[in-house]
Structure formats: C-alpha cells, structure tokens
Amino acid sequence: MFLLLFFLLSTSSGQRLGVVDLRLASPGEAPPLPHAGLVKSVRVLVATGGARVEFEVASTDIAAASTTRELRTIDIGKAPNGSPGPDIAALATALERVHAIDGSQERAEVRPVPNLSTEVLLAVVDAVRGSAGAPLFPKLSLL
C-alpha cells in the first residue's frame with residue numbers, strides 16, 4: 001500500500017487540467033434571491049427527444065401597481081442526425097435569444113431526465129454556459 005501511494009504521488013502533477021463550475025442544489029436549500037433584471041429565472045428541461053427552455057420575464061406596466069412575471073417557453077426538437085437528445089445548435093440559439101433580453105442574468109438551471117446519457121448532458125451544459133468569448137449563463141445548477 002505504501003509503495004502504491006509513493007508511485008501515485010511521484011507520478012502525479014499538481015497542475016489543474018480544467019475547472020467546471022457547477023453548483024448542485026442541496027435538499028432544503030433556500031432558493032437564491034430574485035434577479036434584479038428583466039429575466040428572473042432560466043430553466044432548461046432536457047429529455048431524450050428534445051428540450052424546453054423556460055424563462056420568466058418581468059414586465060412592468062405603468063398602470064400596474066407592481067411588476068408581473070410572464071413565463072415564456074421555447075421548445076427545442078430532437079437532434080437532426082438522429083442521435084438522442086435535443087438539437088444543440090437550436091438550443092444555443094434559443095439561449096442566445098434569452099440572453100439578449102437580459103445580459104446581466106448569469107444563472108440557469110438544467111433539469112435532465114434520469115436516463116439521459118452523460119454525453120448529451122455535457123453538450124447541453126456547454127450550450128448553456130456558452131463559449132469563453134461569449135458566456136451565456138456561467139452559473140449553472142443541475143437539478
């Protein structure tokens with residue numbers, strides 16, 4: 001056992017290869033405070049046959065006494081090449097449309113079905129987070 005530990009420590013390096021910033025919700029955790037911008041929340045519901053982007057948009061009416069919220073949805077179809085999961089390009093386009101409404105919103109929730117493959121889930125997470133040059137929703141929660 002000692003020799004195995006010695007070889008493991010001598011051959012490993014302390015360099016980090018990559019960091020994925022995911023926050024998993026714990027049971028009984030209080031929800032975060034509502035966002036001050038127009039888009040209050042973003043949820044991506046992922047299934048093997050497609051996905052749905054749900055987001056709440058605050059609409060202020062001059063005649064109303066308070067701000068009302070409107071739930072909007074964008075349905076994403078199945079991947080065009082016949083692979084399981086949603087069309088990732090269409091999902092990224094839909095998320096860019098949501099981000100264009102309120103660029104200060106950084107939080108999003110991804111809710112996959114239990115039997116979703118890891119490959120599809122990682123592709124969805126990459127689409128939600130965006131690219132390094134144009135991040136969409138970098139603070140991601142898996143529920």
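Anyway, here's the lowdown on the structure attached to this text. Please read all numbers here as calculations on a predicted model, not as lab measurements. (Residues numbered from 1 in each chain as written. Predicted model: local features only at pLDDT ≥ 70, side-chain atom pairs only at ≥ 80, totals over all residues. Heavy atoms only, no water.)

Buried residues dominate strand 2 (residues 39-47), accounting for seven of its nine residues. Taken together, strand 2 and the strand that follows it, strand 3 (residues 50-59), pair antiparallel across an intervening segment of two residues. Pairing geometry for strand 2 and strand 5 (residues 107-112), over four bridges, is parallel. In the sheet register, Val44 faces strand 5, and the bridge partner there is Val110. (Buried < 20%, exposed > 50% of the residue type's maximum accessible area, 1.4 Å probe, protein only. Helix = DSSP H or I, 4+ residues; strand = E, 2+ residues; numbered from the N terminus. Pairing = 2+ DSSP bridges.)

To continue, consider helix 2 (residues 88-101). The end-to-end C-alpha separation of helix 2 is 20 Å, in line with the 20 Å expected for 14 residues at 1.5 Å each. Of the positions making up helix 2, those classed as buried are Leu91, Ala94, Leu95, Val98 and His99. Projection of helix 2 onto a plane perpendicular to its axis shows the buried side chains occupying an angular sector of 140 degrees, all on one side. Turned more than 90 degrees away from the buried face of helix 2 sit Ala89, Arg97 and Ala100, all of them exposed. Those residues of helix 2 that are buried are in contact with strand 2, strand 3, strand 4 (68-76) and helix 3 (118-129). The backbone nitrogen of Ala89 lies 3.4 Å from a side-chain oxygen of the residue at the head of helix 2, namely Asp87. (Expected span 1.5 Å × (residues − 1). Arc of directions from axis to C-beta. Contact = heavy atoms within 4.5 Å. Polar contact = N/O pair within 3.5 Å; in protein donor to acceptor, adjacent residues only side chain to side chain.)

A few words on helix 3. An α-helical turn contains 3.6 residues, so a residue and the one three or four places further along point in the same direction. Look at helix 3: 16 Å from first C-alpha to last across 12 residues, which is about the 16 Å you get at 1.5 Å a residue. Every buried residue of helix 3 is listed here: Val120, Val124, Val125, Ala127 and Val128. Buried residues of helix 3 fall within an arc of 160 degrees about the axis and therefore sit on the same side. Residues of helix 3 that are exposed and point more than 90 degrees away from the buried face comprise Thr118, Glu119 and Asp126. Trailing helix 3 by a residue or two, Gly130 shows a phi angle of about 85 degrees, which is positive.

In a soluble, globular protein the nonpolar side chains are often hidden away together inside. Membership of the largest hydrophobic core comes to 25 residues, with the highest contact counts inside it found for Val44, Val53, Leu95 and Val128. Contributing elements (two or more residues each) for this core: strand 2, strand 3, strand 4, helix 2, strand 5 and helix 3. The element that contributes the greatest number of residues to this core is helix 3, accounting for five residues. Ignoring anything within four residues of it in the chain, the contact list for Val44 reads Arg52, Val53, Leu91, Leu95, Glu109, Val110, Arg111, Val124 and Val128. (Core = buried A, V, L, I, M, F, W, Y, C linked by side-chain atoms within 4.5 Å.)

Here the focus is the pattern of salt bridges. Once the charged atoms of two side chains with opposite charge are near each other, the side chains can pair. Here the structure, examined in full by the defined rule, presents six salt bridges. A salt bridge links Glu54 to Arg43; the nearest nitrogen and oxygen atoms lie 3.4 Å apart. Placement of the pair is Glu54 in strand 3 and Arg43 in strand 2, with a sequence separation of 11 residues. Judged by its relative accessible area of 14%, Glu54 is buried. For Glu109, the salt bridge goes to Arg111, with nearest N and O atoms at 2.9 Å. With relative accessibility at 26%, the residue Glu109 sits in the partly exposed group. (Salt bridge = Lys/Arg side-chain N within 4 Å of Asp/Glu carboxyl O.)

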